[in-house]
Amino acid sequence: QVQLVESGGGLVQAGGSLRLSCTASGLTFDDYSMGWFRQAPGKEREGVSCITWTGSIYYADSVKGRITISRDDAKNTLYLQMASLKPEDTAKYYCAAIRRTYTSPSFYCSHPGEFGDWGQGTQVTVSS
């Protein structure tokens, strides 16, 4: 079965940087579109950034310019490089996978229910 394992979360000061990783197994990685989602206490799960199996990228307006999503298909790994972190970025961050999307990532990255495979999440806490 598909397994997604996130790593790289932690406690950082405002303005700091962090890189999250998601390593996938049980799938043909380059056949899958991938996404990063986050959820803070009392809030809905929201899409942060997604990258399709063909390389198209979407960023949420709240993180655009501060975050870079990338993938290394040879390593079956998805990355989220975060800079200029703010306290409002504090959340549990999840990696998700969906096979061979053919629509714009702006759509499915705004609809987490479209994804069938999820990791356990990694906590990011940004102190003021």
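Notes on the structure follow. Being a predicted model, the structure only gives us computed values, none of them experimental.

Description of the overall build of the protein chain
Here's step 1: Counting its secondary structure elements, the protein chain contains one helix and 11 strands.
Here's step 2: The helix and strand sequence of the protein chain, counted from the amino end, reads β-β-β-β-β-β-β-β-β-α-β-β.
Here's step 3: On C-alpha atoms alone, the protein chain measures out to a radius of gyration of 14 Å, which is about the 14 Å that the 2.2 N^0.38 rule sets for 128 residues.
Here's step 4: With the C-alpha coordinates aligned to their principal axes, the bounding extent of the protein chain is approximately 40 × 25 × 25 Å.
Here's step 5: Counting only residues that meet the buried cut, the protein chain has 44% of its 128 residues in that class.
Here's step 6: Counted over contacts in the protein chain with a minimum sequence separation of 6, partners at least 24 positions apart contribute 63%.
Here's step 7: Working note: accessible area of the protein chain is about 6500 Å², and carbon and sulfur atoms make up 45% of it.
Here's step 8: Here the protein chain holds 12 positive side-chain charges and 12 negative ones, and the gap between their average locations is 3 Å.

Comments concerning unusual backbone geometry
Here's step 1: The phi angle at S84 is positive, at roughly 50°, despite the residue not being glycine.
Here's step 2: Note that S84 resides in the loop between β8 (77–82) and β9 (91–99).
Here's step 3: Classification of S84 by relative accessible area gives partly exposed; the value is 41%.
Here's step 4: One non-glycine residue, R100, lies in the positive phi region at around 40°.
Here's step 5: Residue position: R100 is located in the loop between β9 and α1 (105–108).

Notes on the side chain of E6
Here's step 1: Take E6: it is sitting in strand β1 (residues 3–7).
Here's step 2: Salt bridges are absent for the buried E6, whose nearest opposite-charge side chain, R45, sits at 7.8 Å.
Here's step 3: For E6, the side chain forms a polar contact with the main-chain nitrogen of C95, separated by 2.8 Å.
Here's step 4: Reaching out from E6, the side chain makes a polar contact with the backbone nitrogen of Q120 at a distance of 3.0 Å.
Here's step 5: Once residues lying within four places of it in the same chain are set aside, the contact partners of E6 are S21, C22, W36, Y93, Y94, C95, G119, Q120, G121 and T122.

Focus: the pairing of strand β4 (residues 32–39)
Here's step 1: For β4, the buried fraction is high: seven of the eight residues fall into the buried class.
Here's step 2: Pairing geometry for β4 and β9, over eight bridges, is antiparallel. Of the residues in β9, the one forming a bridge with F37 is Y94.
Here's step 3: The pairing of β4 with strand β5 (residues 46–51) spans five bridges and is classified as antiparallel.

Description of the pattern of salt bridges
Here's step 1: By the definition in use, this model includes six salt bridges.
Here's step 2: Each of R38, E46, R66 and D89 takes part in a single network of salt bridges with overlapping partners.

Conventions and cut-offs
Residues numbered from 1 in each chain as written. Predicted model: local features only at pLDDT ≥ 70, side-chain atom pairs only at ≥ 80, totals over all residues. Heavy atoms only, no water. Helix = DSSP H or I, 4+ residues; strand = E, 2+ residues; numbered from the N terminus. Rg over C-alpha atoms; globule rule 2.2 N^0.38 Å. Buried < 20%, exposed > 50% of the residue type's maximum accessible area, 1.4 Å probe, protein only. Contact = heavy atoms within 4.5 Å. Areas by Shrake-Rupley, 256 points an atom, 1.4 Å probe, with all protein chains shown as cover. Lys, Arg positive; Asp, Glu negative; His and termini not counted. Charge placed at Lys NZ, Arg CZ, Asp CG, Glu CD. Salt bridge = Lys/Arg side-chain N within 4 Å of Asp/Glu carboxyl O. Polar contact = N/O pair within 3.5 Å; in protein donor to acceptor, adjacent residues only side chain to side chain. Pairing = 2+ DSSP bridges.

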